[in-house]
Amino acid sequence: MSADCIFCKIVNGAVPSKKIYEDEDLIAFFDIKPMAKVHFLLVPKLHVETLKDCDSSHQALLGKMLLLAPTLAKEQGLAGFKTLINTGREGGQEVFHLHVHVFGGGNAST
Ligand code: AMP
Ligand code: ZN
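What this report covers is the structure whose coordinates are included nearby. The shown structure was predicted, so the numbers you read here are calculated from the model rather than taken from an experiment. Along each chain, numbering runs from 1 in the same order as the chain's sequence is written. The lettering of chains begins at A and the numbering of ligands begins at 1, in the order of writing. Local features in a predicted model are, by the rule used here, given only for residues with pLDDT of at least 70; side-chain atom pairs are given and counted only at 80 or more, and totals for whole chains, interfaces and linings are based on all residues. In computing side-chain properties, one takes all heavy atoms of the structure into account and sets aside hydrogens as well as water.

Observations concerning the coordination of the zinc ion (ligand 2)
Rules: Donor atoms are limited to N, O and S found within 2.8 Å of the metal ion, a distance that becomes 3.2 Å for Na, K and Ca. With water left out, some sites might look partial. Each helix is a run of DSSP H or I of at least 4 residues and each strand a run of E of at least 2, with the numbering of both proceeding from the N terminus.
Within the protein, the zinc ion (ligand 2) binds to C5 (SG), C8 (SG), H47 (ND1) and H97 (ND1); these donor distances fall in the range 2.0 to 2.3 Å. Donor residues for the zinc ion (ligand 2), ordered by position in the chain, follow C-x2-C-x38-H-x49-H. One end of the pair, H47, is in the loop between β3 (36-44) and α2 (59-75); the other, H97, is in the loop between β4 (82-84) and β5 (100-107), and 50 residues separate them in sequence.

Pasting the structure below:
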C-alpha cells in the first residue's frame, strides 16, 4: 500500500471504480479513459510499481493476472482481445502500480 497511489486507493475503496472482478490478490475495473469499446485493468492488490520491480516472488501473481484476462474478456463479450503492460516512464507508464490493460471490441470513439 502506497499512500499517494491512485490504484492503492481504488484497491482500498477510497477512490471509486467500475469494478468487474475482485479476489484476495487482484481487482479488475474499467479504465477511466477507454482506448477501446471494452477496456479494463487487471491490478494486483499488492503495490508493485512496475514489471521491472517483479522477481520470482511475484511469479504466481503475474501468472494469475494473465490467466484471468481471457476469463474476464469473455465475460465482457470479447471473442479476442489485446493485452498491454506499460513499463517505466519511457514505456508509457503513467500509473506506477503494476497493471495489465485488456481491451477489445473496436475503437472507443466509433
Ligand atoms: P499506464 O499508462 O499503463 O500507466 O495506464 C494507466 C491507465 O490508468 C490509463 O489508461 C488511465 O486512463 C487509467 N486510470 C488512471 N486513473 C484511473 C482511475 N481512477 N480509474 C480507472 N482508470 C484510471
Ligand atoms: Zn499502489
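Let's pick the thread back up.
Considerations on the packing of aromatic side chains
Rule in force here: Under the pairing criterion, centres of Phe, Tyr and Trp rings, with the six-membered ring standing for Trp, must be within 6.5 Å; the plane angle then separates stacked pairs below 30 degrees from edge-to-face pairs above 60, leaving the rest tilted. Each residue's exposure class comes from its accessible area (1.4 Å probe, protein chains only) as a fraction of the maximum for that residue type: buried when under 20%, exposed when over 50%, partly exposed otherwise.
Under the counting rule described, the total for this entry stands at 1 aromatic pair. With a centroid separation of 5.4 Å and an interplanar angle of 80°, the aromatic rings of F7 and F29 are classed as edge-to-face. One end of the pair, F7, is in helix α1 (residues 6-11); the other, F29, is in strand β2 (residues 26-30), with 22 residues separating them in the sequence. Of the two residues, F7 and F29, neither departs from the other in class, the shared state being buried.

So, to be careful, I would describe these as geometric facts and stop short of saying anything about function.
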